[in-house]
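# Coordinates in review
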Amino acid sequence: MSGRTVRPAGDPYRPDPAAGLRTHAAALRERAERLRGACDRLDWKGAQADAFRARVDELALRCHTAADGLARSAARLDGRPGGG
């Protein structure tokens, strides 16, 4: 035995994997928006500021891309083969 507890699919204590993915996707999207918003409110000028904003925008884009991937995975777990 592997030491893991096996629970039936209808067990109320077993988390729904698709719901968990959707929760993480929503959190990543929120983080991306917060990053962009905070960056927009910066009162900082110059080359370093522009470089910083570019890095933050890149991070926000990566968060959004990851959220899209998690959402597609959740859709597949829900039985939607196209992920949509």
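Cut-offs used in this document
- Residues numbered from 1 in each chain as written.
- Predicted model: local features only at pLDDT ≥ 70, side-chain atom pairs only at ≥ 80, totals over all residues.
- Heavy atoms only, no water.
- Helix = DSSP H or I, 4+ residues; strand = E, 2+ residues; numbered from the N terminus.
- Buried < 20%, exposed > 50% of the residue type's maximum accessible area, 1.4 Å probe, protein only.
- Contact = heavy atoms within 4.5 Å.
- Areas by Shrake-Rupley, 256 points an atom, 1.4 Å probe, with all protein chains shown as cover.
- Expected span 1.5 Å × (residues − 1).
- Salt bridge = Lys/Arg side-chain N within 4 Å of Asp/Glu carboxyl O.
- Phe/Tyr/Trp six-rings, centres within 6.5 Å; stacked < 30°, edge-to-face > 60°.

The next point concerns the overall build of the protein. Secondary structure summary: the protein contains 2 helices and 0 strands in total. The buried share of the protein, reckoned over its 84 residues, is 17%. Contacts in the protein between residues far apart in sequence, at least 24 positions, make up 65% of those at least 6 positions apart. Surface summary for the protein: the accessible area is close to 6600 Å², and the carbon and sulfur share equals 55%.

This part takes up helix 2 (residues 47-77). Compared with the 45 Å implied by 1.5 Å per residue over 31 residues, the 45 Å span of helix 2 between its first and last C-alpha is a close match. When helix 2 is considered as a whole, its buried residues turn out to be A49, V56, A60, C63, A67, A74 and A75. Tucked inside the fold, the buried residues of helix 2 contact helix 1 (17-40).

Pairing between side chains of opposite charge can happen when their charged atoms approach one another. Here the structure, examined in full by the defined rule, presents 6 salt bridges. Residues D78 and R80 are paired through a salt bridge, measuring 3.4 Å at the closest nitrogen-oxygen approach. Residue classification places R80 among the partly exposed residues on the basis of a relative accessible area of 39%.

The next thing to look at is helix 1. Taking 1.5 Å of rise per residue, 24 residues should cover 34 Å, and helix 1 covers 35 Å from first to last C-alpha, within 8% of that figure. By the burial criterion, the buried members of helix 1 are A18, A25, A32, G37 and C39. Those residues of helix 1 that are buried lie in contact with helix 2.

For the coordinates displayed, the defined rule picks out 1 aromatic pair. Taking the centre distance of 5.6 Å and the plane angle of 50 degrees together, the rings of W44 and F52 count as tilted. With a relative accessible area of 35%, W44 lands in the partly exposed category. Since its relative accessible area comes to 37%, F52 is described here as partly exposed.

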